[in-house]
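Architecture and fold: a report
Given next are the chains, with one letter for each unit.
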Amino acid sequence: MNIYGQTVEDLEKYFENMGEKKFKAIQVYDWLYKKRVISFDDMSNVKKSVIEKLKDDFTLSLPKIIKREDGKDVHKYLFRLTDGNLVEAVLMVHDYGNSLCVSSQVGCNMGCAFCESGRLKKKRDLGTDEMVGQILAVQDDLNLRISHVVLMGIGEPFDNYDNVMKFVKIINCPKGIDIGARHITISTCGIVPKIKEFADEGLQVNLAISLHAPNDVLRTRLMKINKVYKLHEVIEAVKYYINKTNRRVTFEYIMLKDVNDNEKCALELASLIKGLNAYVNLIPYNETSHIEFKKTNNEKVMKFYDILKRNKINVTVRREFGSEVSAACGQLRANEEGQ
Ligand code: SAH
């Protein structure tokens, strides 16, 4: 087992079962995450017999960085996992901190028409340790602290729900990586039962919904998942989440030229989400050579933005990162695999 998939509570149980004091778990966490040693032998206040046991029971491996592309305020990583599979992460340097976009699966089965990641079908879920490992590998590589995490890399986080929840718990732990819940964002294409389950967790973690269209006809064209969970069900689940958590939700809306970027769509979107404690994040589309969609020009994005504003919808336009480093989610992996 990889130790980076263990919560403090898991390690406490582990030590108790061994007949050791449970505070050892916190000592080990301190070495792993605060002092950041990469070998059990360096845990100098842990006795030899315990170190030997830890070595027998756990590995300490991280996803291996096999490629890094650097752009302005952006570093894009390609990792090889222990079984040879590839995933990506993207580090974005903001004025408020360093944000890492993390992958949750190898490939994705959601099949969104505009998305590069989904062209390669899901091979498997990522383990909790492999998600934690992306953060550690990037921190170690760039020698900086990651302050924000977004689950917007390859995969659908709510299709790997249990591992993702455990991941959130581990990175949020004050004894470990200590990323504040409000600095963690989970993005989903709209898996309704999981949105409700997530609401019931009582976490302060942010929720983002990939909406991308204001009506079922268009959304079903863009996102296969809309055949299973219709827009009104997604909106109803979002209402449930807002009522339960009192937290604001983000609706992500990729601007696709001549597809979902006209005035009618803006008005329809405004009336769909009117009155909700939510805001819309308009996302400039990252074009990729394999997919025919084009990005909407800035002028038209601002027109769309103005319509939403006029209709009292909170709206922002996402800053563009990494178009020079093939940062369209899944692009690096697809290029590497020659597909
Ligand atoms: N499966 C989850 C999280 C991964 S995708 C989800 O659907 O939310 C993260 C976000 O990036 C989603 O909003 C997705 O629609 C968007 N995205 C995918 N391909 C993109 C591209 N080429 N350009 C811009 N955004 C893209």
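A brief report on the enclosed structure follows. (Residues numbered from 1 in each chain as written. Predicted model: local features only at pLDDT ≥ 70, side-chain atom pairs only at ≥ 80, totals over all residues. Heavy atoms only, no water.)

1. Re the overall build of the protein
Just so we agree on the cut-off: A run of H or I in DSSP counts as a helix once it spans at least four residues, and a run of E counts as a strand once it spans at least two, with each numbered from the N terminus. Computation of the radius of gyration draws on C-alpha atoms, with the globule rule given as 2.2 Å multiplied by the number of residues to the power 0.38. Per-residue accessibility, obtained with a 1.4 Å probe over protein chains only, is compared with the maximum for each type, and a residue is labelled buried under 20%, exposed over 50%, and partly exposed between these values. The contact rule is simple, with two residues in contact once any of their heavy atoms fall within 4.5 Å. All accessibility values rest on the Shrake-Rupley procedure with a 1.4 Å probe; residue burial counts only the protein chains present in the view. The sign given to each residue is positive for Lys and Arg and negative for Asp and Glu; His and the chain ends receive no count. The atom standing in for a charge is NZ when the residue is Lys, CZ when it is Arg, CG when it is Asp and CD when it is Glu.
Tallying secondary structure elements over the protein gives 11 helices and 12 strands in all. Over its C-alpha trace the protein gives a radius of gyration of 21 Å, about what one expects of a compact globule, namely 20 Å for 339 residues. Seen through its principal axes, the protein has C-alpha atoms that stretch 70 × 45 × 35 Å. Counting across all 339 residues of the protein, residues that qualify as buried make up 56%. Considering only contacts within the protein whose residues lie at least 6 apart along the sequence, 67% involve residues at least 24 apart. Surface exposure of the protein reaches about 14,800 Å², of which carbon and sulfur atoms provide 48%. The average position of the 51 basic charges and that of the 46 acidic charges among the side chains of the protein differ by 3 Å.

2. Looking at the site of the ligand
Convention followed: We call a residue near a given molecule or strand whenever any one of its heavy atoms falls within 4 Å of it. N or O atoms closer than or at 3.5 Å make up a polar contact, with two conditions inside protein: a donor-capable atom paired with an acceptor-capable one, and, for residues adjacent in sequence, both atoms drawn from side chains.
As a matter of local geometry, the ligand sits amid 20 residues, with Glu 156, Ser 187, Ser 210, His 212 and Asn 286 nearest to it. Side-chain polar atom of Ser 187 to an oxygen atom of the ligand: 2.6 Å apart, as the coordinates give it. Take Thr 188: an N or O atom from its main chain is 3.4 Å from an oxygen atom of the ligand. Considered on its own, the ligand offers 530 Å² of accessible surface; in the complex 93% of this is hidden by protein. Going through the elements one at a time, strand S8 (184–188), strand S10 (249–255) and strand S11 (278–284) are the ones with two or more residues in the shell around the ligand.

3. Details of unusual backbone geometry
Phi is positive for Arg 36, close to 55°, though the residue is something other than glycine. Checked against the element boundaries, Arg 36 lands in the loop between helix H2 (24–34) and helix H3 (48–57). A residue is classified by how much of its surface remains accessible, and Arg 36, at 19% relative accessible area, is buried. Despite not being glycine, His 212 has its phi angle at roughly 65°, a positive value. For His 212, the location among the structural elements is in the loop between strand S9 (206–210) and helix H7 (216–222).

4. A word on the pairing of S11
Note the threshold: Strands were regarded as paired on the criterion that DSSP finds at least two bridges between them. Orienting the strands away from the viewer, one traces the path from the first strand over the helix to the second; a clockwise path indicates a right-handed crossover.
Extensive coverage of S11 is indicated by the burial of 6 of its 7 residues. The pairing of S10 with S11 spans 7 bridges and is parallel. Residue pairing across strands places Thr 250 opposite Tyr 279, the latter belonging to S11. In this region the chain leaves S10, passes through helix H9 (residues 263–273) and returns to the parallel neighbour S11; the handedness of that crossover is right-handed. Examined bridge by bridge, S11 and strand S12 (residues 314–317) share 4 bridges and lie parallel to one another. Note on S12: the bridge partner recorded for Tyr 279 is Asn 314. In this fold, S11 hands off to helix H10 (residues 298–310), which returns the chain to S12; that crossover is right-handed.

5. With respect to the layout of surface pockets
Test applied: Any residue with an atom within 4 Å of a point lines the site, the site being either a cavity, points on a 1 Å grid over the protein atoms alone where a 1.4 Å probe fits but cannot get out, or a pocket, an open set with protein on both sides within 12 Å along at least 5 of 7 lines. Grid points are joined across faces, edges and corners, and a volume is the space filled by probe spheres set on the points.
Of the volumes computed, that of the second largest pocket is approximately 230 Å³. Lining the second largest pocket we find Tyr 33, Lys 34, Arg 36, Leu 136, Gln 139, Asp 140, Asn 143, Leu 144, Arg 145, Gly 176, Ile 177 and Asp 178. Listed by contribution, the elements that provide at least two residues to the lining of the second largest pocket are H2 and helix H4 (128–142). Examining the composition of the lining of the second largest pocket, we find that 3 residues originate from one element, H4, more than from any other.

6. Section: the side chain of Lys 76
Among the secondary structure elements, Lys 76 is positioned in strand S2 (residues 74–80). We classify Lys 76 as buried; its relative accessible area is 0%. Separated by 2.6 Å, the side chains of Lys 76 and Glu 88 make a polar contact.

7. Examining the sheet that holds strand S3 (residues 86–94)
Our working rule: Lines fitted to C-alpha atoms define the axes, with helix axes restricted to the stretch in contact, and inter-axis angles between N-to-C directions lie between 0 and 180 degrees.
Spatially, 10 strands are ordered S1-S2-S3-S4-S7-S8-S9-S10-S11-S12 in an open sheet, and the strand pairing comes out mixed. Edge positions in the sheet fall to strand S1 (64–71) and S12, since each has one partner strand and no second. Ignoring which end each strand starts from, the neighbouring axes of this sheet average 20° apart. Pairing between S8 and S9: 4 bridges, direction parallel. Bridge pairing links Ser 187 to Ala 208 in S9. Across the face of the sheet, H4 comes into contact with S1, S2, S3, strand S4 (97–101) and strand S7 (148–151) while running at roughly 125° to S2.

Just geometry here; none of it tells us what the structure is for.
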